[in-house]
Every structure is written in structure tokens, then in C-alpha cells.
Amino acid sequence: MSLPSFRTLSAACLLSLTTACSILPKSEPVAIYRLPALATGQPAAGTPVAPASQRSLKIITPYGGRAIDSERILVLPEGDLIQSYQGARWSDPAPVLLRNRLLQAFSADGRIRNLSTDDSNVAADLELGGDLVAFQTEYRNGVPVVIIQFNARMVDTASRRILAVRSFNVSQPVAGTKIPEVVNAFGAASGTLAAEILDWVTGAPGMHAKS
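Residues numbered from 1 in each chain as written. Predicted model: local features only at pLDDT ≥ 70, side-chain atom pairs only at ≥ 80, totals over all residues. Heavy atoms only, no water.

When helices and strands are tallied, the protein chain shows three helices and nine strands. Counting from the amino terminus, the protein chain carries its helices and strands in the arrangement α-β-β-β-β-β-α-β-β-β-β-α. Counting all 211 residues of the protein chain, 38% fall into the buried class. In the protein chain, the proportion of contacts linking residues at least 24 apart, taken out of those at least 6 apart, comes to 67%. (Helix = DSSP H or I, 4+ residues; strand = E, 2+ residues; numbered from the N terminus. Buried < 20%, exposed > 50% of the residue type's maximum accessible area, 1.4 Å probe, protein only. Contact = heavy atoms within 4.5 Å.)

Turning next to the pattern of salt bridges. All chains considered together, the criterion is met by eight salt bridges. In this structure, arginine 153 and aspartate 131 form a salt bridge, with 3.5 Å as the shortest nitrogen-oxygen distance. Residue arginine 153 is located in strand β8 (residues 143–156), and its partner aspartate 131 is located in strand β7 (residues 126–140); the two are separated by 22 residues in the primary sequence. Within this structure, Arg99, Asp118 and Asp119 form a network of salt bridges that share partners. (Salt bridge = Lys/Arg side-chain N within 4 Å of Asp/Glu carboxyl O.)

A separate point is the nonpolar core. Among the nonpolar cores identified, the biggest contains 45 residues, and Leu128, Met154 and Val201 are the most heavily contacted of them. Looking at this core, the elements with two or more residues in it are β2 (53–59), β4 (72–76), β5 (83–90), α2 (94–109), β7, β8, β9 (161–173) and α3 (179–202). With twelve residues, α3 is the single largest residue contributor to this core. Dropping the residues within four chain positions of it, valine 201 is found in contact with Leu57, Phe106, Ile112, Leu128, Met154 and Met207. (Core = buried A, V, L, I, M, F, W, Y, C linked by side-chain atoms within 4.5 Å.)

Before going further, it helps to spend a moment on the side chain of arginine 99. In this fold, arginine 99 is placed in helix α2. What makes arginine 99 buried here is its relative accessible area of 5%. At a separation of 3.1 Å, a polar atom in the side chain of arginine 99 contacts the side chain of aspartate 119. Once residues lying within four places of it in the same chain are set aside, the contact partners of arginine 99 are Ile59, Ile60, Thr61, Pro62, Thr117, Asp118 and Asp119. (Polar contact = N/O pair within 3.5 Å; in protein donor to acceptor, adjacent residues only side chain to side chain.)

Moving on: the packing of aromatic side chains. According to the stated counting rule, one finds four aromatic pairs in the structure shown. With a centroid separation of 5.1 Å and 85 degrees between ring planes, the pair formed by tryptophan 90 and phenylalanine 186 is classed as edge-to-face. On the criterion of sequence distance, the pair formed by tryptophan 90 in strand β5 and phenylalanine 186 in helix α3 is long-range, its members being 96 residues apart. Judged by relative accessible area, which is 0%, tryptophan 90 ranks as buried. Classification of phenylalanine 186 as buried rests on a relative accessible area of 0%. Ring geometry for phenylalanine 168 versus tryptophan 200: centroids 5.6 Å apart, planes at 70 degrees, classification edge-to-face. Remark: tryptophan 200 occurs in helix α3 and phenylalanine 168 occurs in strand β9; sequence separation between them is 32 residues. Tryptophan 200 matches phenylalanine 168 in its accessibility class, with the two residues each being buried. (Phe/Tyr/Trp six-rings, centres within 6.5 Å; stacked < 30°, edge-to-face > 60°.)

We now examine unusual backbone geometry. Here asparagine 141, not a glycine, exhibits a phi torsion of approximately 55 degrees, which is positive. If you trace the backbone, asparagine 141 turns up in the loop between β7 and β8. For asparagine 141, a relative accessible area of 83% translates into the label exposed.

This part takes up the pairing of β8. Among the 14 residues in β8, ten count as buried, and that is most of the element. Relative to β8, β7 runs antiparallel, the two sharing 14 bridges. Each bridged residue has a counterpart across the sheet, and for leucine 132 the counterpart in β8 is phenylalanine 150. Between β7 and β8, which pair antiparallel one after the other, the connecting turn spans two residues, and asparagine 141 there sits at a positive phi close to 55 degrees. Inspection of the sheet shows β8 paired to β9 by twelve bridges, in the antiparallel sense. (Pairing = 2+ DSSP bridges.)

Quick look at the packing of α2 against α3 now. Packing of α2 against α3 brings their axes to within 9 Å, and their N-to-C directions diverge by 60 degrees. Here α2 is positioned oblique relative to α3, judged by the angle of their axes. As for the relative orientation of α2 and α3, their crossing is right-handed in sense. Contacts between α2 and α3 involve Leu98, Arg101, Leu102, Ala105, Phe106 and Asp109 from the former and Gly187, Ser190, Gly191, Leu193, Ala194, Ile197, Leu198 and Val201 from the latter. Residue classes in the contact of α2 with α3 are distributed as nine nonpolar, three polar and two charged. (Axes fitted to C-alpha atoms, helices over the stretch in contact; angles between N-to-C directions. Parallel < 35°, antiparallel > 145°, perpendicular 65-115°, else oblique. Left-handed = near helix turned anticlockwise from the far one by under 90°. Nonpolar A, V, L, I, M, F, W, Y, C, P; charged D, E, K, R; others polar.)

Printed below as a string of C-alpha cells:
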């Protein structure tokens, strides 16, 4: 007896909606994670609040290499071997996650009120951009640690002159090896990074004076 042809199988699949008929392998379900909510704290009583800057700031999506600029949740189990957690991914590519985290932190802080991102076609006095060098979990002495490294640049948009540069490197131990624990560590690390960048930007040259 001859086997049914591929065309016959395809026709049978189209005609029968109640029968599981597929020649394709079943894909594993994927859990999609966003960064945990940004932890915010109120200033202590009596703490002076710096006046808001009148200058506008556009937050640019950082440049990331091929491995980083994706939705994969990266892990380096040993040495320079890059892998990703199976069955899980980010809701957006890592550079977009970081850009949005920075926007959240700056908006909550309030010292720079006129904010935008490169998703919007508006002009701004200054741009915050840079290179996302690391956004991953690394195993150090058998212990997972989240590593985020961002080389930041502040640019005057009128002159295209670089006003300031700085490299930020944050590490956050993971409370375990499960993916939700890894995601929580990314949330804490990105929050710490955003706070450091916020303080740096608000004190950068040209932030509080119109040229």
C-alpha cells in the first residue's frame, strides 16, 4: 500500500478541524517577561529638592550587539559561552527595556520634566544615548549574577557635541536559579543603574542652563 502524498495530508488537515493533523513539530510554550516595576522611594523629610531643569532630554535606545539586541534572556554559564534561558524571553529587546527603564526613572524623579524617546519625532536640547555592552546573567564561582554594563553619552543636539561620557557597570546577585528569580535580579540591577545614570545626567554640563 502506498503512503499518502504530502498534498493528500495537507488536504486532510484543511478538511478536518477537529483532528490534530500536522507534520510540524510542536513548539514549547514561551513565558514572556517584562522588567519588574521600578522601586521608588520618597525623599526624606526636610531633604532639599533640586529645581527642575528647563532643558529637554531625549532618551535614545542604546546600541546593542547582535546577541544583546534581542528578546532572549542571556546567560553565560561558563567563560565566554553565550546561551539563553529556554522557554522564556523578554517582552522587548534588551536595549528597549533599558531605554524604557530610564524613562520610568527620570519621569518618577521629576528633576527633568521635558522627556521624550527616539520613538517620538520631537526635538530636544540634549540626548542621552550610548552602548549596551552587557545585559546578562553570568555564573561566578557557581553563583548566578546579573550584569548590566552601559557606556553612556550626553550629546548637545544643536552642535552634536558630546558633553559627557561615562561607563556604568552594575552587578546583582540572583537569589536562586529559577527564571523568575533571574528576572527579579534584572529588575533590581536596572533600577540601580537607572538611579546612577539619573544622578549623573542631572549634574552633567549644560543640563540646567540654556545656551
